[in-house]
Amino acid sequence: MTWRALILGLAALACAGSAAAQNTGLRRLTDRDDLFGWEAVGRLELNGQGYCTGTLIAPELVLTAAHCVYSNDGGLRPAEQIRFRAGLRDGIAVADRQALQIAAHPGYDPRRRLNMENIRHDVALVRLAEPILSGQADAFALHSGEEYGGAISVTSYGKGRDDALSRQRQCSLMSEYRDVLMIDCNVTFGSSGAPVFSQVGGRGRILSLVSGGGSYGGKQVAFGMKLPQRVAELKAQLRRNSVAAPDRRIKRIRAGGGGSAGGAKFVRAGE
């Protein structure tokens, strides 16, 4: 395999839009016991226009693909059009939160087709209006270092498996070039933003995100990126453009005072 051939293949992939789903290697996380430990992976709902997969990396921060937070006209989606449903299984989520703030990496250009530069920067953070506590869903850490372990895995939603997470316990890193990874994990529409985990040191750490997929050498592949630098840049962007969370404290009403107590590219679409 040469990365020159791969770069040429990406143009065709951009037109195709998605890798076809494979029928082997995935296990549906059906029961509560199956879901235990994976609750921080959830569905990012896009205002009835589709969904992506997202993952908590802090109680109030969801990591996903940048192309998930842009609308079809190339504009950033308003935060109020995005919800995160952690551990969603058969219509029931461990936690359901509204987005408050979005940061998409400036190196990602929504007007361009899938290419190496866009894959490398296809990362976004969604800040939630209310945190999800670790007792509900324990956030995942990012992978650091060059040692990925003997195998990698992916946990995602996708077309034909929309209602619950599916996990592929073992897939392979096929190649790596300039912070772009090519993996043979099973992905499809809706898997955009899905976490790819390394198996180093006990609990999995997020090695990459699914950006897109296609066929290479007769095999279905997915493309992702290295994360630590991109995520650090996005956190700084959120801090610079900080939005105040709504005040959800209970407000007391004085008697007679009146007033109120209120205060995917793999996007699975309705396309």
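Preceding block: the structure.
Rules behind the numbers
- Residues numbered from 1 in each chain as written.
- Predicted model: local features only at pLDDT ≥ 70, side-chain atom pairs only at ≥ 80, totals over all residues.
- Heavy atoms only, no water.
- Buried < 20%, exposed > 50% of the residue type's maximum accessible area, 1.4 Å probe, protein only.
- Helix = DSSP H or I, 4+ residues; strand = E, 2+ residues; numbered from the N terminus.
- Pairing = 2+ DSSP bridges.
- 1 Å grid on protein atoms, 1.4 Å probe; cavity = no way out; pocket = protein on both sides within 12 Å on 5 of 7 lines; lining within 4 Å.
- Points joined across faces, edges and corners; volume = space filled by probe spheres on them.
- Nonpolar A, V, L, I, M, F, W, Y, C, P; charged D, E, K, R; others polar.
- Disulfide = S-S within 2.5 Å.
- Polar contact = N/O pair within 3.5 Å; in protein donor to acceptor, adjacent residues only side chain to side chain.
- Contact = heavy atoms within 4.5 Å.

Visitor: Before we move on, can you summarise the pairing of strand β11 (residues 180–183) with the specific residues and values?
Guide: What you see with β11 is no split at all: Val180 and Met182 on one side and Leu181 and Ile183 on the other are buried throughout. Here strand β10 (residues 173–177) pairs with β11 via 4 bridges, running antiparallel. Each residue of the ladder has a partner; that of tyrosine 177, found in β11, is valine 180. Once β10 ends, the chain turns through 2 residues before running back antiparallel as β11, passing arginine 178 with a positive phi of about 50 degrees. Where β11 meets strand β15 (residues 219–225), 4 bridges bridge the pair, whose relative direction is antiparallel.

Visitor: Lay out the layout of surface pockets in plain terms, naming residues and giving numbers.
Guide: Roughly 170 Å³ of internal volume is contained in the second largest pocket. Per-element tally for the lining of the second largest pocket: the top contributor is helix α4 (residues 228–240), with 3 residues. Its residues assigned to classes, the lining of the second largest pocket comprises 4 nonpolar, 4 polar and 4 charged.

Visitor: Lay out the sheet that holds strand β12 (residues 195–198) in plain terms, naming residues and giving numbers.
Guide: Pairing in this open sheet of 5 strands is antiparallel, and the strands run β1-β9-β8-β12-β13 from one edge to the other. If you trace the sheet from one side to the other, it starts and ends with β1 (27–28) and β13 (205–209), each paired once. Examined bridge by bridge, β1 and strand β9 (residues 161–171) share 2 bridges and lie antiparallel to one another. Across the sheet, arginine 28 pairs through a bridge with serine 166, a residue of β9.

Visitor: Let's hear about the state of the cysteines: which residues, and what values?
Guide: Applying the stated criterion to the full structure yields 2 disulfides. Residue pairing for cysteine 52: its cysteine sulfur links by disulfide to cysteine 68, the two sulfurs lying 2.1 Å apart. Disulfide cysteine 52-cysteine 68: the torsion about the S-S bond is -90 degrees, which places it as left-handed. With cysteine 52 in strand β3 (residues 51–58) and cysteine 68 in the loop between β4 (61–64) and β5 (82–86), the pair connects residues that are 16 residues apart, well separated along the chain. What makes cysteine 68 buried here is its relative accessible area of 0%. Between cysteine 171 and cysteine 185 runs a disulfide, and the two sulfur atoms are separated by 1.9 Å. With the S-S dihedral at roughly 60 degrees, the linkage between cysteine 171 and cysteine 185 falls on the right-handed side. Highlighted residues: cysteine 171 in strand β9 and cysteine 185 in the loop between β11 and β12, separated in sequence by 14 residues. With relative accessibility at 1%, the residue cysteine 185 sits in the buried group. In the protein, the cysteines engaged in disulfides, taken in order along the sequence, are linked 1-2, 3-4.

Visitor: Residue-level account of the side chain of aspartate 34, with values.
Guide: Secondary-structure assignment places aspartate 34 in helix α2 (residues 32–35). Only 3.3 Å separates the side chain of aspartate 34 from the backbone nitrogen of threonine 30, close enough to count as a polar contact. Setting aside anything within four residues of it in sequence, one finds aspartate 34 in contact with Arg27, Arg28 and Leu29.

Visitor: An account of the environment of proline 59 is needed here, citing residue identities and associated values.
Guide: Following the sequence through the fold, proline 59 ends up in the loop between β3 and β4. Residue proline 59 is classed as partly exposed on the basis of its relative accessible area of 39%. Those residues in contact with proline 59 that sit more than four places away from it in its chain are Leu128, Pro131 and Ile132.

Visitor: How would you summarise the pairing of strand β8 (residues 152–158) if you had to cite specific residues and measurements?
Guide: For β8, the buried fraction is high: 7 of the 7 residues fall into the buried class. Residues Ile152, Val154, Ser156 and Gly158 of β8 are buried on one face, and the alternating residues Ser153, Thr155 and Tyr157, pointing to the opposite face, are buried as well. Of the pairings in the sheet, the one linking β8 to β9 comprises 5 bridges and is antiparallel in character. In the strand pairing of β9, threonine 155 is matched with arginine 167. Linking two consecutive strands that pair antiparallel, namely β8 and β9, is a turn of 2 residues; a positive phi of about 85 degrees is found at glycine 160 within it. Note that β8 and β12 share 3 bridges and pair antiparallel. The partner of serine 153 across the bridge, within β12, is phenylalanine 197.

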